[in-house]
Amino acid sequence: MIIPVLALMVALLLEPQRVDLDTVLARAGRYVEQYQREFSLLISREDYLQEVTSMNEGPAGSDRWGLAGVGSSTEGRRLISEFALVRVQDDRRSLWLAFRDVFEVDGRPVHNRGERLERLFRAPSANAFAQAEAIAMESARYNIGDLVRTVNVPTLALEFLEPANQKRSNFRKRGEETVQGVRTWTVAFEERARPTLIQTTDSHDVVAKGVVWIDPDTGRIVRTQLDPQAQKGLKTRITVSYAPEERLGLWVPVEMKEIYERESRQIGGTAKYSDFRRFETDVKFKGPKGGV
């Protein structure tokens, strides 16, 4: 009887350990907490291609996107920027803010910028947040389209996986998929709590749902999809892909795809990130009260 018992023990040890959704979410929460500590301040290069397509009703047989070539027009722009993700603390919670310092527009250099982000974070002053906010507002004027966008931050979807925030949403396993060579769980979520994590500048709720691709063994996040519905009649989707960055020892966002769709107009963008540099600093930026 000894041999069968030993065989059973070996079989149990070799059998993959089954995990449930709560376990995977707990691992993802710990991963995000550690990620935020290690990702406290990075500056990278952002290559951002934006397009605005206006669609008119076509003749019978064509769709509303004007794929038959009737009544559609496209405008494009390419922005090259220094891009910084900064963890900011306000009176309620901490959040990510993105600052883009545009230095090239459609191949033409932007004059008198003087590497403002790098100087700001190397020698921050008491009004560093105000300076960075001014840089962000200055750079936003180069965006095309009539939509002011504040949710195009690659790490924004991670907010919903923070341990303290997970109870705000309903989560469900949707399936499994291999991404970047990693076996992942695809987990859908939908925010239920109010006030919402994402808010407009005048403190109105922005309900969000999305999907995250999680390594069930480590909690690592390899892809995210966020659908924040900021305005009635506007469909928004932001998809971010992560990849390992050997010098930093982190998986970093390498591509963000966004789409903002109305009945007669679509704004799309693809941003690619490279040349990540870390700046170690003891500075803590204090954000303004109110929404994002």
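Heads up: the structure comes first, above all this text.
Residues numbered from 1 in each chain as written. Predicted model: local features only at pLDDT ≥ 70, side-chain atom pairs only at ≥ 80, totals over all residues. Heavy atoms only, no water.

## Observations regarding the overall build of the protein chain
The secondary structure content of the protein chain amounts to 4 helices and 13 strands. Relative to its 292 residues, the protein chain shows a buried fraction of 45%. Of all intrachain contacts in the protein chain linking residues separated by at least 6 positions in sequence, the fraction that spans at least 24 positions is 60%. Taken as a whole, the protein chain presents about 15700 Å² of accessible surface, with 51% of it coming from carbon and sulfur. (Helix = DSSP H or I, 4+ residues; strand = E, 2+ residues; numbered from the N terminus. Buried < 20%, exposed > 50% of the residue type's maximum accessible area, 1.4 Å probe, protein only. Contact = heavy atoms within 4.5 Å. Areas by Shrake-Rupley, 256 points an atom, 1.4 Å probe, with all protein chains shown as cover.)

## What to know about the environment of Glu 104
On the secondary structure map, Glu 104 appears in strand S3 (residues 94-105). Residue Glu 104 is classed as partly exposed on the basis of its relative accessible area, which comes to 25%. Those residues in contact with Glu 104 that sit more than four places away from it in its chain are Arg 78, Leu 79, Ile 80, Pro 109 and Val 110.

## A closer look at empty space enclosed by the protein
One pass over the full model with this rule turns up 3 cavities of 30 Å³ or more. For the largest cavity, the calculated volume is near 50 Å³. Forming the boundary of the largest cavity are Phe 39, Leu 42, Ser 44, Phe 83, Leu 85, Pro 154, Pro 253, Tyr 273 and Phe 276. Those elements that place two or more of their residues in the lining of the largest cavity are strand S1 (41-54), strand S2 (73-89) and strand S12 (265-278). (1 Å grid on protein atoms, 1.4 Å probe; cavity = no way out; pocket = protein on both sides within 12 Å on 5 of 7 lines; lining within 4 Å. Points joined across faces, edges and corners; volume = space filled by probe spheres on them.)

## Here we look at the nonpolar core
Ranked by size, the top nonpolar core spans 60 residues in total, and within it Val 187, Ile 198, Ile 214, Ile 221 and Leu 226 carry the most contacts. A per-element tally of this core places helix H2 (residues 21-38) first, with 7 residues. Residues Leu 41, Ala 84, Val 86 and Phe 279 belong to the second largest nonpolar core, which totals 6 residues. (Core = buried A, V, L, I, M, F, W, Y, C linked by side-chain atoms within 4.5 Å.)

## Thoughts on the pairing of S1
The buried fraction of S1 amounts to 10 of the 14 residues, a majority that puts the element mostly inside the structure. Of the strand pairs in this sheet, S1 and S12 are connected by 12 bridges, and their pairing is antiparallel. Looking across to S12, one finds that Tyr 48 is bridged to Ala 271. (Pairing = 2+ DSSP bridges.)

## Points about the packing of aromatic side chains
A full pass over the atoms with the stated rule returns 5 aromatic pairs. Every member of this aromatic cluster is reached through a ring pair, and the members are Tyr 31, Tyr 35 and Tyr 242. The aromatic ring of Trp 185 is capped on one face by Lys 173, whose charged end is 3.8 Å from the ring centroid. The cationic tip of Arg 223 hangs over the ring face of Trp 213; the distance from NZ or CZ to the ring centre is 5.1 Å. (Phe/Tyr/Trp six-rings, centres within 6.5 Å; stacked < 30°, edge-to-face > 60°. Lys NZ or Arg CZ within 6 Å of the ring centre and 35° of its normal.)

## Some remarks on the pairing of strand S10 (residues 235-245)
Judged from the 4 bridges that link them, strand S9 (residues 221-229) and S10 form a sheet pairing that is antiparallel. Across the sheet, Leu 226 pairs through a bridge with Ile 238, a residue of S10. Strand direction decides the pairing type here: S10 and strand S11 (residues 250-261), joined by 11 bridges, are antiparallel. Note on S11: the bridge partner recorded for Ala 243 is Val 252. Between S10 and S11, which pair antiparallel in sequence order, lie 4 residues; one of them, Gly 249, sits at a positive phi of approximately 70°.

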